Amino acid sequence: MAQQVRAVVATQKGAPVTVETIEVPDPGPGEVVVAVQACGVCHTDLHYREGAINDDFPFLLGHEAAGLVESVGPDVTDLVPGDFVILNWRAVCGACRSCRRGRPWYCFATHNATQKMTLDGKELSAALGIGAFAEKTLVAAGQATKVDPRVKPEVAGLLGCGVMAGLGAAMYTGEVGPGDSVAVFGCGGVGDAAILGARLAGAATIIAVDLDAKKLELAKTFGATHTVDASRADPVEAIQELTDGNGADVCIEAVGNPTVFGQAFYARDLAGTLVQVGVPNPEMRIDLPMIDLFGRGGRVKPSWYGDCLPSRDFPMLIDLHLQGRLDLERFVSETIALDQVEEAFHRMERGEVLRSVVVLGDRAAG
Ligand SMILES: NC(=O)c1ccc[n+]([C@@H]2O[C@H](COP(=O)([O-])OP(=O)(O)OC[C@H]3O[C@@H](n4cnc5c(N)ncnc54)[C@H](O)[C@@H]3O)[C@@H](O)[C@H]2O)c1
Ligand SMILES: [Zn+2]
Ligand SMILES: [Zn+2]
């Protein structure tokens, strides 16, 4: 029987989000219902409520989540009720032309639950096909990846979006290797995760670039060896100075801004790699002399979800975390209740937090 649960909904463009009672159907074939334990507040949730993604209101927000499988559809064999899972927004199909060529991380036909959750009979658009600012959510079975349940849900859930995107931007898209020099532009949750990923991959020099001095201090705690305040210094010159006049091997753009893209492009060494993980809005344009693209060589690579494979990466990264080799706790700036998401958006806009994380069920305070 369908269940009624509390959830955070954006009903119209720009309006504050509200907590509503929504209806979650029983899982059908290929689907599971997950009792959400924690869900981080990501910039993309705010983009949805501002109408910057599309106009398919009402949106059910939240997509960086972990929880317990509550029930599974008739044909689901790899999950059982009680499994502790992290949700992902790129459940690979295994059958599209990219999957068939052995590149499932680029899957061109990722899937979500077939049935819809509803508000007063109206279908909800779940953010990134998840919608986890909710006591329970319905997802495709492939969107739920089992990991070691000893990790705290508020930490685990963060791998579901921004932290994985940042780690993967360095480790997979950027292919950072031992001894590399890396510059990360924008030190929010995604950029700091890229710094952590660069460190894990053996980078020798890791330069953090931001406009906010507080963010730069935090970036050092994740492994930045140098910082550049782009509000005071030209980041391209500063990065060249810190790399014997050459530029960095890998530059990671984690803001989503054409000016920053240009800086990251020119702050590379010859044959260097530019990774773009920041999400642009549809109006943004880049204008570069074509001769510079050719003459400098190397690679310019957009990064979808850090080119990760949730089934491969989530269990591995949680294991590294439990071994004390990957400090994910530091991303959790605060834990909040379901009705505090709107305030968390404002704190995010003011740059006060890396991640506010909604905790639900037994983990919620009071
Ligand atoms: N590609 C993906 O799969 C993926 C996944 C998740 C998030 N993202 C995107 O990554 C970006 C970063 O996300 P976040 O959660 O870290 O955001 P955030 O707002 O927490 O962090 C952005 C940081 O950039 C800094 N910044 C702003 N303008 C700057 C400039 N001109 N120069 C240097 N620094 C500047 C800010 O001070 C802030 O610290 C967003 O665009 C988000 O949508 C992409
Ligand atoms: Zn596919
Ligand atoms: Zn996100």
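Below is a short write-up of the structure. (Residues numbered from 1 in each chain as written. Chains lettered and ligands numbered in written order. Predicted model: local features only at pLDDT ≥ 70, side-chain atom pairs only at ≥ 80, totals over all residues.)

Quick notes on the overall build of the protein
Okay, so step 1: Tallying secondary structure elements over the protein gives 11 helices and 19 strands in all.
Okay, so step 2: Its C-alpha atoms give the protein a radius of gyration of 20 Å, within 12% of the compact-globule value 21 Å for 366 residues.
Okay, so step 3: Projected onto its principal axes, the C-alpha coordinates of the protein cover approximately 65 × 40 × 40 Å.
Okay, so step 4: Counting only residues that meet the buried cut, the protein has 51% of its 366 residues in that class. (Helix = DSSP H or I, 4+ residues; strand = E, 2+ residues; numbered from the N terminus. Rg over C-alpha atoms; globule rule 2.2 N^0.38 Å. Buried ≥ 20, exposed ≤ 12 C-beta atoms within 10 Å, placed from the backbone.)

Here we look at the site of ligand 1
Okay, so step 1: Taken together, 31 residues are adjacent to ligand 1, and Ala165, Gly186, Gly188, Val190 and Gly256 come closest.
Okay, so step 2: Those elements giving two or more residues to the shell around ligand 1 turn out to be helix 1 (43-49), helix 4 (162-173), helix 5 (189-200) and strand 13 (205-210).
Okay, so step 3: Ranked by residues supplied to the shell around ligand 1, first place goes to helix 5 with 3 residues.
Okay, so step 4: Of the residues belonging to the shell around ligand 1, the class tally is 16 nonpolar, 12 polar and 3 charged. (Near = placed C-beta within 6 Å. Nonpolar A, V, L, I, M, F, W, Y, C, P; charged D, E, K, R; others polar.)

What to know about the pairing of strand 6 (residues 84-87)
Every other side chain in a regular strand lies on the same face of the sheet, so the side chains alternate between the two faces.
Okay, so step 1: Along strand 6, one buried face is formed by Phe84 and Ile86 and the opposite face, lined by Val85 and Leu87, is buried too.
Okay, so step 2: Where strand 5 (residues 64-72) lies against strand 6, 3 bridges are found, and the strand directions are antiparallel. Opposite Gly67, over in strand 6, you have Val85 as the bridge partner.
Okay, so step 3: Pairing of strand 6 with strand 11 (residues 144-146) involves 3 bridges; the strand directions are antiparallel. Note on strand 11: the bridge partner recorded for Leu87 is Ala144. (Pairing = 2+ DSSP bridges.)

Some remarks on the packing of helix 5 against helix 6 (residues 213-222)
Okay, so step 1: It is the contact of helix 5 with helix 6, at a shortest axis distance of 9 Å, that shows an interaxial angle of 30 degrees. With respect to their mutual orientation, helix 5 and helix 6 come out roughly parallel. Where helix 5 crosses over helix 6, the two elements pack in a sense that is right-handed. Two secondary-structure elements touch here, helix 5 through Asp192, Ile195 and Leu196 and helix 6 through Leu218, Ala219 and Phe222.
Okay, so step 2: Classifying every residue of the contact of helix 5 with helix 6 by side-chain character gives 5 nonpolar, no polar and 1 charged. (Axes fitted to C-alpha atoms, helices over the stretch in contact; angles between N-to-C directions. Parallel < 35°, antiparallel > 145°, perpendicular 65-115°, else oblique. Left-handed = near helix turned anticlockwise from the far one by under 90°. Contact = placed C-beta atoms within 7 Å.)

With respect to the nonpolar core
Okay, so step 1: Residues Leu60, Val182, Val184, Ala194 and Ile252 are the most contacted members of the largest nonpolar core, which totals 124 residues.
Okay, so step 2: Counting residues per element, this core draws most heavily on helix 4, at 8 residues.
Okay, so step 3: The residues that make up this core include at least three from each of domain 1 (3-160 + 327-363) and domain 2 (163-304).
Okay, so step 4: Contact partners of Ile252, with chain neighbours within four places excluded, come to Ala169, Ala170, Gly174, Val182, Val184, Phe185, Ala194, Val275 and Val277. (Core = buried A, V, L, I, M, F, W, Y, C linked by C-beta atoms within 7 Å. Domains from an automatic or database assignment.)

Observations concerning helix 5
Okay, so step 1: For helix 5, with 12 residues, the first-to-last C-alpha span of 16 Å sits near the 16 Å given by 1.5 Å per residue.
Okay, so step 2: Of all the 12 residues making up helix 5, 11 are buried; the element is thus mostly covered by neighbouring parts of the structure.
Okay, so step 3: Three or more residues of helix 5 are buried, namely Gly189, Val190, Gly191, Asp192, Ala193, Ala194, Ile195, Leu196, Gly197, Ala198 and Arg199.
Okay, so step 4: If you follow the buried residues of helix 5, they end up packed against helix 4, strand 12 (181-185), strand 13, helix 6, strand 15 (248-253) and strand 19 (355-359). (Expected span 1.5 Å × (residues − 1).)

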